[in-house]
Amino acid sequence: MKSALQYFAGALLLAGGAVARPQDTEVEAAAGPGGGFGGPPIPPKQWVSRTWKGENYKCKCYPGDSCWPSTKDWQKLNTTVGGNLRVNLPPAASCYNTFTGPLGTVNPYNAAQCADVTAKFPNEQFQIDLPTAGLWTYFTNDTCRPTTNPADTCTLGHYGVLYIQAQTVAHIQAGINFARDNNLRLVIRNTGHDFLGRSVGWGSLVINTHSFQSISTTNSWNGPGGYSGSAVTVGAGVQAIDALNHLHALTPPKIMVTGECATVGIAGGLPQGGGHGPLTNQQGFLADTALQFKVITAGGQIVTANANTNADLFKALRGGGPAAFGVIVEATYKTFTDVASAGINVDITPANTNGDINLLWQAIGVFHSYSVAWVDAGLYVYYEIFGPTLHVHPIVGVGKTLAQVQALVQPFFDDLAALGVTYTSSSHSYSTFHEHYFAQFEPEAAGNSALTGGWTVARQDAVANGTAIVNAFRALGDAGAVMVGHMWNAGAIPQAEQDKSSINPRFRSVVDKIITIVPVAGNAPLSEKAAAQNLLTNVVDGGLRAASPNGAAYVNEADPFQPNWQTAFWGTNYPSLLTARSKWDPQGVFYAVSTPGTENWSQIEYETRLCKIESSGKGKGKTRR
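Chains are numbered independently. Their residues run from 1 in the order of the written sequence. Selection of residues for local features in this predicted model requires a pLDDT of at least 70, selection of side-chain atom pairs for listing and counting requires 80 or more, and totals for whole chains, interfaces and linings are taken over all residues. Values shown for side chains rest on all heavy atoms present in the structure; no hydrogens or waters enter the calculation.

### Here's the deal with empty space enclosed by the protein
Working step 1: For cavity detection a 1 Å grid was placed over the protein atoms alone, and a set of points counts as a cavity when a 1.4 Å probe fits there but cannot get out; an open set counts as a pocket when protein lies on both sides within 12 Å along at least five of seven lines, with lining residues being those that have an atom within 4 Å of a point. Grid points are joined across faces, edges and corners, and a volume is the space filled by probe spheres set on the points. As enumerated under the stated definition, the model contains five cavities of 30 Å³ or more in all.
Working step 2: Around the second largest cavity, the lining comprises 13 residues; the ones closest to its centre are Thr140, Asp142, Cys144, Arg145 and Tyr159.
Working step 3: When residue character is reported, Ala, Val, Leu, Ile, Met, Phe, Trp, Tyr, Cys and Pro are called nonpolar, Asp, Glu, Lys and Arg charged, and the others, Gly included, polar. For the lining of the second largest cavity, the per-class residue count stands at seven nonpolar, four polar and two charged.

### Describing the side chain of Asp194
Working step 1: Helix and strand assignments come from DSSP, with helices taken as H or I runs of at least 4 residues and strands as E runs of at least 2, each series counted from the N terminus. Checked against the element boundaries, Asp194 lands in the loop between β8 (186–189) and β9 (205–208).
Working step 2: Burial classes: relative accessible area under 20% of the type maximum marks a residue as buried, over 50% as exposed, and values in between as partly exposed (1.4 Å probe, protein chains only). Judged by relative accessible area, Asp194 falls into the buried class, the value being 7%.
Working step 3: Pairs of N or O atoms are called polar contacts if they sit within 3.5 Å, as long as, within protein, a hydrogen donor faces a hydrogen acceptor (for residues adjacent in sequence, only side-chain-to-side-chain pairs). Side-chain polar atoms of Asp194 contact the backbone nitrogen of Leu196, separated by 3.2 Å.
Working step 4: Engagement of the side chain of Asp194 in a polar contact is seen with the backbone nitrogen of Gly197, the distance being 3.0 Å.
Working step 5: Here, residues are in contact when the closest pair of their heavy atoms is within 4.5 Å. Those residues within four positions of Asp194 in sequence are excluded, and the remaining contacts are Trp136 and Ser199.

### What about the side chain of Glu124?
Working step 1: Mapped onto the fold, Glu124 is located in helix α4 (residues 124–129).
Working step 2: The side chain of Glu124 is buried and forms no salt bridge, while Arg189, the nearest opposite charge, is found at 11 Å.
Working step 3: For Glu124, the side chain forms a polar contact with the side chain of Thr263, separated by 2.6 Å.
Working step 4: The contacts of Glu124, once residues within four sequence positions are left out, are Leu135, Trp136, His193, Cys261, Thr263, Glu444, Ala445 and Ala446. The sign given to each residue is positive for Lys and Arg and negative for Asp and Glu; His and the chain ends receive no count. By definition here, a salt bridge exists when the distance from a side-chain nitrogen of Lys or Arg to a carboxyl oxygen of Asp or Glu is within 4 Å.

### Quick word on the state of the cysteines
Working step 1: Disulfide assignment relies on a single distance test, namely cysteine sulfur atoms paired within 2.5 Å. For the coordinates displayed, the defined rule picks out four disulfides.
Working step 2: Through a disulfide, Cys59 is tied to Cys611; the S-S separation comes to 2.0 Å. Sign of the S-S torsion, about 100° for the bond between Cys59 and Cys611, identifies this disulfide as right-handed. Of this pair, Cys59 sits in strand β2 (residues 55–59) while Cys611 is found in strand β25 (residues 609–613), placing the two residues 552 residues apart along the sequence.
Working step 3: A sulfur-sulfur separation of 2.1 Å characterises the disulfide bridge that pairs Cys61 with Cys67. Judged by the torsion about the S-S bond (120°), the Cys61/Cys67 disulfide is right-handed. With respect to class, Cys61 is no different from Cys67; both count as buried.
Working step 4: Within the protein, bonded cysteines paired by disulfides and numbered along the sequence follow the pattern 1-8, 2-3, 4-5, 6-7.

### Things to note about helix α5 (residues 169–182)
Working step 1: A helix is expected to span 1.5 Å for every residue after the first. Taking 1.5 Å per residue, 14 residues should reach 20 Å; α5 reaches 20 Å between its end C-alpha atoms and fits that length.
Working step 2: With respect to burial, α5 is a largely interior element, 12 of its 14 residues being buried.
Working step 3: Buried residues of α5: Val169, Ala170, His171, Ile172, Gln173, Ala174, Gly175, Ile176, Phe178, Ala179, Arg180 and Asn182, and no others.
Working step 4: At the exit of α5 stands Asn183, carrying a positive phi of roughly 55°.

### Observations concerning the UniProt feature "domain: FAD-binding PCMH-type" (unreviewed entry) in the protein
Working step 1: UniProt positions are given in the numbering used here, feature names are shortened, and annotations may be inferred rather than shown by experiment. Mapped onto the present numbering, the UniProt feature "domain: FAD-binding PCMH-type" (unreviewed entry) falls on residues 156–338.
Working step 2: Along residues 156–338, the helical share is 21% and the strand share 25%, with 45 Å between the first and last C-alpha atoms.

### As for the confidence of the model for the protein
Working step 1: Confidence of the predictor at the level of single residues is given by pLDDT, which spans 0 to 100. Per-chain confidence: the protein averages 93 in pLDDT, with 92% of residues scoring 70 or above.
Working step 2: Taken together, the stretch residues 1–8 has pLDDT below 50 and engages in 21 contacts with residues farther than four places along the chain or on a different chain.

### Describing the packing of helix α6 (residues 240–248) against helix α13 (residues 433–440)
Working step 1: Fitted lines through C-alpha atoms serve as axes, helices being fitted only where they are in contact, and the angles separating the N-to-C directions of these axes extend from 0 to 180 degrees. Where α6 meets α13, the closest approach of the two axes is 10 Å, and the angle between their N-to-C directions is 150°. Remark: the crossing between α6 and α13 carries left-handed chirality. Contact with α6, carried on its side by Ala240, Ile241, Leu244, Asn245 and His248, involves His434, Tyr437 and Phe438 of α13 and no other residues of that element. The hand of a helix crossing depends on one turn: near helix anticlockwise from the far one by less than a right angle means left-handed, and clockwise means right-handed.

### Some words on the sheet that holds strand β7 (residues 162–165)
Working step 1: By this definition, two strands are paired if DSSP reports at least two bridges between them. Strand order across the open sheet formed by four strands is β3-β7-β9-β8, with mixed pairing between neighbours. Of all the strands in the sheet, the pair left with one neighbour each is β3 (85–87) and β8. Direction aside, the axes of adjacent strands within the sheet are offset by 25° on average.
Working step 2: Packing against the sheet, helix α2 (residues 71–80) makes contact with β3, β7 and β9, and its axis sits at approximately 135° to β3.

### Examining the pattern of salt bridges
Working step 1: A full pass over the atoms with the stated rule returns 14 salt bridges.
Working step 2: A salt bridge links Arg609 to Asp65; the nearest nitrogen and oxygen atoms lie 3.0 Å apart. Residue Arg609 is found in strand β25, and its partner Asp65 is found in the loop between β2 and α2; the two are separated by 544 residues along the sequence.
Working step 3: Accessibility expressed as a relative area gives 6% for Arg609, which makes it buried.
Working step 4: Owing to a relative accessible area of 13%, Asp65 belongs among the buried residues under this scheme.
Working step 5: In this structure, the salt-bridge partner of Arg145 is Asp142, at a minimum N-O distance of 3.2 Å.
Working step 6: When its relative accessible area of 8% is taken as the criterion, Asp142 is described as buried.
Working step 7: One network of salt bridges, with partners in common, ties together Arg50, Asp65, Glu605 and Arg609.

### Description of the environment of Cys611
Working step 1: The exposure class assigned to Cys611 is buried, which follows from its relative accessible area of 0%.
Working step 2: Separated by 395 residues in sequence, Cys611 and Ser216 have C-alpha atoms that sit 41 Å apart.
Working step 3: Dropping the residues within four chain positions of it, Cys611 is found in contact with Tyr57, Lys58, Cys59, Asn600, Trp601, Ser602 and Ile604.

### Some thoughts on α13
Working step 1: Restricting attention to buried positions, one finds in α13 the residues Phe433, His434, His436, Tyr437 and Gln440. All buried residues of α13 lie within an arc of 165° about the axis, which places them on one face of the element. As used here, the arc belongs to the directions running from the helix axis to the C-beta atoms.

### Remarks on the sheet that holds strand β19 (residues 389–398)
Working step 1: Taken in spatial order, the seven strands line up as β20-β17-β19-β18-β22-β23-β21 in an open sheet, and their pairing is antiparallel. Strands with a single pairing partner mark the edges of an open sheet, and in this sheet they are β20 (424–430) and β21 (450–458). Strand-to-strand twist of the sheet, defined as the mean angle between neighbouring strand axes without regard to direction, takes the value 15°.
Working step 2: Docked against the sheet, helix α17 (residues 526–547) engages β21 and β23 (510–519), running at close to 10° with respect to β21.

As structure tokens, then:
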């Protein structure tokens, strides 16, 4: 595949020679060129007028449009970014005789490379290390999957057209400035660990930040925010696995809030969505532990955001939505002394109920009835329901002995025995949470295609509507969906700390955060995609919303096309986020579906062109197929 990339890039005169490394420059809280943080106004000639389904739009610039940059313009950008501009091919292009993209046609077939891609396609780290891959492929349009038939058709789908493999802050600045000045669809991508298609975008320029791998620590933070304990500062590309291993090597070992998946990046979309994980009971969201960000704005400036400097931006970046306010290139978080931990795994399958599915669902109901008691006792519970099977891996007691965790879980086991339901279980104790994290949390697979949704169960609804909630679980399973649950309590931290973030206040009374998954091929017919979306929005998630009306939705793991997404994602914090967006990115240089300020943006023409609605219409803020 590499040779094909080099050939294609060379044909377009994009191969860069030795060039001077651009210098990083920092501007603190100064208005950008043109008098605003969003940079100079986009010239009217850079907007493309389109009409779609009776509505008028002005769209970003794409290949084939008269405003698309010339080869000379791209060459100049390539020089500016040190020869790190590349023409993009899909990950599996090497399996095909011919690839036809918006910039031309090449012959990328390579049997050895195809075999390698095919074998590694489900591997998360393999996908992460690729420059533009989306780990879950639905929103790529799946037009170039691994195949054993090289004569099949391979097209770019919704992957970006070109990408910058950024090595310095100046490279990112140059890419943002180029995208803004030419009104290009811009995608910021670190790991591609994203369910909602934000790491890909039809016709886009992608900036890859994964090379920013710096990690440093301090025993005493001396910056603003009223905190003086230990902290870690990470670059934009750092993943949880690397940060946790770095902290574990300290004396004494430290830990930090991360997601339950170790491959997730911890400086970009995770804190901007909130960032929940196994330590949420003790420390809240990752965003709650943020002390400072270094951010590149839509105007191409690098600014510091903390409690004293650009405080509105700092708060917006703490749970206010990904790809909405700027590009985080460095993040500083609180760290905590590691402690002993213990966990229990539980599995209940139809075999444990002699094939009695009603009895199995009774067992699931009993399991979920402990959600409030368990999170109040400080337990974190990660579980999956599919098939139907209840797969709980694991129940986690951070700072607890195994005997303490077993005592908390034993009443559940007693209830199962009273029902006549057997189960398989294992339990373990660990000297540190670091050891526990890597021992009991299971690795995830990449390369699958599905729509993702989700909702949360509020404490008051878990108490009052427990039966209705489990009935909603069963209904989504009967509809062919899968669910992943996370029991935690994010409201244990002081109210003053909660108020410093943009996270929906409803999350502080959540006892279970659920991801729902509806399998559907990315290259399925449009009618099939529409049916799957309707199923997710109105049946699968609709049932959860009805059963837990006091719940909320987590922007990184939810249906972006649900009704009233502004309230579902941010609640009473949404108006302040709109204000921040209008200040820091008034022109829409950055974009992620259903984030603050995107109500007038749509992906029209079958989910391709990103456009602003000019005439009033009934579909604002939604993908118009």
